[in-house]
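Chain by chain, the residues:
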Amino acid sequence: MSKYYQVDMIAKAIKPQLVNGVWRKPKLSARRVASMRKECLRYGTINGIQAEWNPEWDRPHKSWIPPMPKGHAFDNKKDERIALIDKNMKAMPKLIIETRKEAYLSKPHTFLDVKLDPEDYEDFYKIGRRVSNAQLRAEREKEAKLKEEAAKQAKLKEAKKKAAKKEGKKGEEKAAKEEKKAVKKGEEKSAKKTAVKEEKKVEEKATKKTEEKTAKKTEEKKTVKDEKK
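What counts and what doesn't
Residues numbered from 1 in each chain as written. Predicted model: local features only at pLDDT ≥ 70, side-chain atom pairs only at ≥ 80, totals over all residues. Heavy atoms only, no water. Helix = DSSP H or I, 4+ residues; strand = E, 2+ residues; numbered from the N terminus. Buried < 20%, exposed > 50% of the residue type's maximum accessible area, 1.4 Å probe, protein only. Contact = heavy atoms within 4.5 Å. Patch = residues over 30% accessible without salt bridge, like charges linked within 9 Å, V, L, I, M, F, W, Y side chains within 5 Å. Areas by Shrake-Rupley, 256 points an atom, 1.4 Å probe, with all protein chains shown as cover. Salt bridge = Lys/Arg side-chain N within 4 Å of Asp/Glu carboxyl O. Phe/Tyr/Trp six-rings, centres within 6.5 Å; stacked < 30°, edge-to-face > 60°. Lys NZ or Arg CZ within 6 Å of the ring centre and 35° of its normal. Arc of directions from axis to C-beta. pLDDT = per-residue confidence, 0-100. Core = buried A, V, L, I, M, F, W, Y, C linked by side-chain atoms within 4.5 Å. Polar contact = N/O pair within 3.5 Å; in protein donor to acceptor, adjacent residues only side chain to side chain. Lys, Arg positive; Asp, Glu negative; His and termini not counted. Charge placed at Lys NZ, Arg CZ, Asp CG, Glu CD.

### Describing the overall build of the chain
Regarding its fold elements, the chain presents seven helices and four strands. Counting from the amino terminus, the chain carries its helices and strands in the arrangement α-β-β-α-β-β-α-α-α-α-α. In the chain, which comprises 229 residues, the proportion classed as buried is 7%. Taking the contacts inside the chain whose residues are at least 6 apart along the sequence as the reference set, 25% of them involve residues at least 24 apart.

In structure tokens:
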């Protein structure tokens, strides 16, 4: 009988051992360990020797926590359905008005089967609708407020336009004055330049005349001297 079948060595032979930093396989195979366990539990012996099976020799079972049940999709998505219903219910008044409007416009209302325009629908729709006096007053007050606001805005626009026109006129006048001043300055400069040019021309003519006179006198003197000789 191998020494590994002895009671003292079973604990080491059943489990893997760490030797010099290396894990080594158990000396006894799982089949032999299972047969030894059955024998010990049935007859209370291991290879003919009386012994009790130690529960620590068994392989430890993995701890397992069962997951939560998934349940049914109808129950799981209940919150989403409620949120969607609330969202749609908020938009229901508009949808009801639109559907009634479409139904009203789709049907003929005169013997000529003439359909109403969408703009005229509201007036006809109010005729068949029950409206309280308080609602009518509120509508009238709203219309009056809107008219007042529109009038105020129109006045503000007119005032702004007038102010802009005044500012524009003043700016135009200033620009015209500046242009006139610039034109005057340019004319004065041009007049000065022309006067200077004319003075230069006069001086040049005078110098030419004096030169001609002196030349004539010198020629006359020469002729007189030649005649005397």
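Right, picking up where we left off after that structure.
### Here we look at a nonpolar patch on the surface
Together, Ile85, Met89, Met92, Leu95 and Ile96 give the surface a local cluster of nonpolar side chains, amounting to about 440 Å² of exposed area. At the level of secondary structure, the elements contributing two or more residues to the nonpolar patch comprise helix H4 (78–90) and helix H5 (92–106). If one sorts the elements of the nonpolar patch by residue count, H5 sits on top with three residues. Along the chain, Leu95 falls in helix H5.

### So, the packing of aromatic side chains
Any aromatic ring pair is given by two values, namely how distant the centres are and how the planes are angled relative to each other. Across all of its chains, the model carries one aromatic pair by this definition. With a centroid separation of 5.0 Å and 90° between ring planes, the pair formed by Trp53 and Trp57 is classed as edge-to-face. The ring of Phe74 has Arg81 sitting right over it, with the charged end atom 4.1 Å from the ring centre.

### Some details on helix H1 (residues 7–14)
Ile10, Ala13 and Ile14 are the residues of H1 that are buried. Along the long axis of H1, the arc covered by the buried residues comes to 85°, so they all point the same way. With respect to the buried face of H1, the exposed residues turned more than 90 degrees away are Asp8 and Lys12. Residues of H1 that are buried sit in contact with helix H2 (30–43) and strand E3 (45–46).

### Some details on the pattern of salt bridges
Oppositely charged side chains can pair when the atoms bearing their charge come close. Following the criterion strictly, the structure yields one salt bridge and no others. Between Asp58 and Arg37 there is a salt bridge whose closest N-O contact spans 3.0 Å. Pair noted here: Asp58 is in the loop between strand E4 (49–50) and helix H3 (73–76) and Arg37 is in helix H2, with a separation of 21 residues, a long-range link.

### Thoughts on the confidence of the model for the chain
Residues at a pLDDT of 70 or more form 83% of the chain, whose mean pLDDT is 80. Confidence, expressed as mean pLDDT per element, reaches its minimum in the chain at helix H6 (residues 118–127) with 55 and its maximum at H4 with 95.

### Here's the deal with the nonpolar core
Core analysis: the biggest nonpolar cluster contains eleven residues, these being Ile10, Ala13, Ile14, Leu28, Val33, Met36, Cys40, Ile46, Ala51, Trp53 and Trp57. Secondary structure elements with two or more residues in this core: H1 and H2.

### Describing the side chain of Thr45
Tracing the backbone shows Thr45 in strand E3. With relative accessibility at 16%, the residue Thr45 sits in the buried group. Dropping the residues within four chain positions of it, Thr45 is found in contact with Glu39, Cys40, Gln50 and Ala51.

### A word on the environment of Thr210
When you line up the elements, Thr210 lands in helix H7 (residues 133–228). Its relative accessible area of 46% is what places Thr210 among the partly exposed residues. Engagement of the side chain of Thr210 in a polar contact is seen with the backbone oxygen of Thr207, the distance being 2.6 Å.

### Notes on unusual backbone geometry
Of note in this structure, Asn20 is not a glycine but carries a positive phi near 55°. Relative to the assigned elements, Asn20 resides in the loop between strand E1 (17–19) and strand E2 (22–24).

### Brief notes about a negative patch on the surface
A cluster of acidic residues, Glu198, Glu199, Glu203 and Glu204, forms a negative patch on the protein surface. With respect to the element layout, Glu204 can be found in helix H7. For Glu204, a relative accessible area of 47% puts it in the partly exposed group.

### Some thoughts on the environment of Ile46
Within the secondary structure, Ile46 sits in strand E3. Remark: the alpha-carbon pair of Ile46 and Gln6, spanning 40 residues in sequence, is separated by 8.0 Å.

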